[in-house]
Amino acid sequence: MINKHLIDPMDFSIYELDEIFKLAQEIIAEPKRFSHMCDGKILAALFYEPSTRTRFSFEAAMMRLGGNILGFSEPNSSSASKGETLADTIKMVSIYADVIAMRHPKEGSARVASKYSSVPVINAGDGGHQHPTQTLTDLLTIKILKKKLTGHTIGICGDLKYGRTVHSLIKAMSRYENIKFILISPKELKIPEYIKEEILSKNNIEFKEVERLEEVISELDILYMTRIQKERFFNEEEYLRLKDSYILDLEKMNVAKDDMIVMHPLPRVNEIAMEVDYDSRAAYFKQAEYGMYVRMALIVKLLGVM
Ligand code: CP
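Residues numbered from 1 in each chain as written. Predicted model: local features only at pLDDT ≥ 70, side-chain atom pairs only at ≥ 80, totals over all residues. Heavy atoms only, no water.

(A) Structural detail: the UniProt feature "binding site: L-aspartate" (unreviewed entry) in the protein chain. In the numbering used here, UniProt assigns the feature "binding site: L-aspartate" (unreviewed entry) to Lys82, Arg164 and Arg227. These annotated residues cover 146 residues of sequence, and their C-alpha atoms sit far apart, with the largest distance between any two at 33.1 Å. Within the element layout of this structure, Lys82 appears in the loop between strand E2 (68-72) and helix H3 (86-96). Position of Arg164 among the secondary structure elements: in helix H6 (residues 164-173). Residue classification places Arg164 among the buried residues on the basis of a relative accessible area of 8%. Sequence-distant contacts of Arg164, that is, excluding residues within four places in its chain, are made with Glu49, Arg103, Gly125, Asp126, Gly127, Gly128, His129, Gln130, His131 and Arg232. A polar side-chain atom of Arg164 sits 3.3 Å from a polar atom in the side chain of Glu49. (UniProt positions renumbered as here; feature names shortened; annotations may be inferred. Helix = DSSP H or I, 4+ residues; strand = E, 2+ residues; numbered from the N terminus. Buried < 20%, exposed > 50% of the residue type's maximum accessible area, 1.4 Å probe, protein only. Contact = heavy atoms within 4.5 Å. Polar contact = N/O pair within 3.5 Å; in protein donor to acceptor, adjacent residues only side chain to side chain.)

(B) Quick look at the UniProt feature "domain: Aspartate/ornithine carbamoyltransferase Asp/Orn-binding" (unreviewed entry) in the protein chain. In the UniProt entry, the feature "domain: Aspartate/ornithine carbamoyltransferase Asp/Orn-binding" (unreviewed entry) is given for residues 151-300. Across residues 151-300, helical content stands at 34% and strand content at 15%; the span's end C-alpha atoms are separated by 30 Å.

(C) Structural context of the packing of helix H5 (residues 132-145) against H6. Look at H5 against H6: their axes get within 9 Å of each other, and the N-to-C directions meet at 55°. Comparing their axes, H6 and H5 come out oblique. Handedness of the crossing formed by H5 with H6: right-handed. Residues Pro132, Gln134, Thr135, Asp138, Leu139 and Ile142 of H5 form the contact with H6, whose participating residues are Thr165, Ser168, Leu169, Ala172 and Met173. Classifying every residue of the contact of H5 with H6 gives six nonpolar, four polar and one charged. (Axes fitted to C-alpha atoms, helices over the stretch in contact; angles between N-to-C directions. Parallel < 35°, antiparallel > 145°, perpendicular 65-115°, else oblique. Left-handed = near helix turned anticlockwise from the far one by under 90°. Nonpolar A, V, L, I, M, F, W, Y, C, P; charged D, E, K, R; others polar.)

(D) Region of the structure containing the nonpolar core. The biggest cluster of nonpolar side chains holds 60 residues, and the ones touching the most others in it are Phe21, Leu139, Ile156, Ile170, Met173 and Phe181. Here the element with the most residues in this core is helix H11 (residues 284-303); it accounts for eleven residues. Two domains share this core, each providing at least three of its residues, namely domain 1 (9-130 + 291-303) and domain 2 (133-287). Those residues in contact with Phe181, other than ones at most four positions away along the chain, are Ile154, Ile156, Ile170, Met173, Leu200, Ile205, Glu206, Phe207 and Lys208. (Core = buried A, V, L, I, M, F, W, Y, C linked by side-chain atoms within 4.5 Å. Domains from an automatic or database assignment.)

(E) Spatial organisation of the sheet that holds strand E5 (residues 153-157). Across the sheet, which stays open at both edges, the five strands sit in the order E7-E6-E5-E8-E9 with parallel pairing between neighbours. Each edge of the open sheet carries a strand with a single partner, namely strand E7 (206-210) and strand E9 (261-263). The mean inter-strand angle of the sheet, taken between neighbouring strand axes irrespective of direction, is 20°. One ladder, built from four bridges, connects E5 with strand E8 (residues 222-225); its direction is parallel. (Pairing = 2+ DSSP bridges.)

(F) Up close: a nonpolar patch on the surface. A contiguous nonpolar patch, built from Leu70, Met92, Ile95 and Tyr96 and spanning about 390 Å² of accessible area, is present on the exposed surface. Looking at the nonpolar patch element by element, the count peaks at three residues for H3. Relative to the assigned elements, Met92 resides in helix H3. (Patch = residues over 30% accessible without salt bridge, like charges linked within 9 Å, V, L, I, M, F, W, Y side chains within 5 Å. Areas by Shrake-Rupley, 256 points an atom, 1.4 Å probe, with all protein chains shown as cover. Salt bridge = Lys/Arg side-chain N within 4 Å of Asp/Glu carboxyl O.)

(G) Region of the structure containing the pattern of salt bridges. By the definition in use, this model includes 23 salt bridges. Here Arg241 makes a salt bridge to Glu188, at a shortest N to O gap of 3.2 Å. Of this pair, Arg241 sits in helix H9 (residues 236-242) while Glu188 sits in the loop between strand E6 (180-184) and helix H7 (193-201), and the two are 53 residues apart along the sequence. Under the relative-accessibility criterion, Arg241 is labelled exposed at 52%.

(H) View of the site of the ligand. For the ligand, the full set of nearby residues is Ser51, Thr52, Arg53, Thr54, Arg103, His131, Gln134, Pro265 and Leu266. Side-chain polar atom of Thr54 to an oxygen atom of the ligand: 2.6 Å apart, as the coordinates give it. Relative to its unbound accessible surface of 250 Å², the ligand loses 91% to contact with the protein. Grouping the amino acids of the shell around the ligand by side-chain chemistry returns two nonpolar, five polar and two charged. Of the residues that make up the shell around the ligand, three or more belong to each of domain 1 (9-130 + 291-303) and domain 2 (133-287). (Near = heavy atom within 4 Å.)

(I) A look at the sheet that holds strand E3 (residues 99-104). If you walk across this open sheet you meet the four strands as E2-E1-E3-E4, and the pairing is parallel. Looking along the sheet, the strands with just one partner apiece sit at the ends: E2 and strand E4 (121-126). Direction aside, neighbouring strands of the sheet carry axes that sit 15° apart on average. Of the pairings in the sheet, the one linking strand E1 (residues 42-47) to E3 comprises five bridges and is parallel in character. From the neighbouring strand, Phe47 faces E3, where its bridge partner is Arg103.

(J) Seen up close, the pairing of E8. Of the two faces of E8, the one carrying Ile222 and Tyr224 and the one carrying Leu223 and Met225 are both buried. For E8 and E9, the ladder comprises three bridges, and the chain directions are parallel. Its bridge partner lying in E9, Ile222 is registered against Ile261.

This is how it looks when you write it as structure tokens:
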């Protein structure tokens, strides 16, 4: 894994993912043992789009490993605002840093960045396309809380058209046995055809598409809620019409399995009522915490420091 880029969830084999999850669990158990692992190393966090969890968890991960960070959360404070190309920015930053985490609104931008970088590039989200480190977070959460990555019925609810975390999760979970997806969305926000054709159908993965969460919630082992992605809509009226399509509340939770877990990549807007936060099946804040540990493990593996 040393010096590899992580652009797409399929860039790592199942064996490599297992190695990352094993290390993340070792870090969770004994964080102090890793606190100088990246002494002298630098992570560049280049965020051309807003973020709370991904940027801060990358930065916290590097700090907890003893390393340093540089970067920006607002591209206007970099020479991108003067017209510098992404290629030139990446060439420069890969001189200054040992690893780059980049979020960008353009689909495919992380792949482009990797072509110009002499250090590993981690895709921290490229438009509505992929978000592979969210997927590492999601898989580690499932592995820890549900004890295995196989044999689950997973309901994914909300904006399945623009939600990059959904696209990455389906791709990654398609490699595990006995997974069934129930895709819950308004018809305007259905999963893209290429995911159905190239991933689900091609791999003979059972799935169905429905519009009502109430119809299927009792079947689920995992409910993955998502936000309607306001920033990806071209038409504000359509966003306003669809934004409250799903609101998970305790009434709906009452008919779910006792051991179902509720995940969400966050940020949430209205789609999970705050009352659900106190239900022991709500896993989304734990999931965000695991995101930091899995990013620590990822940085250690990419830098080859152990
Ligand atoms: N899950 C996630 O990507 O959150 P942020 O947009 O806050 O980074």
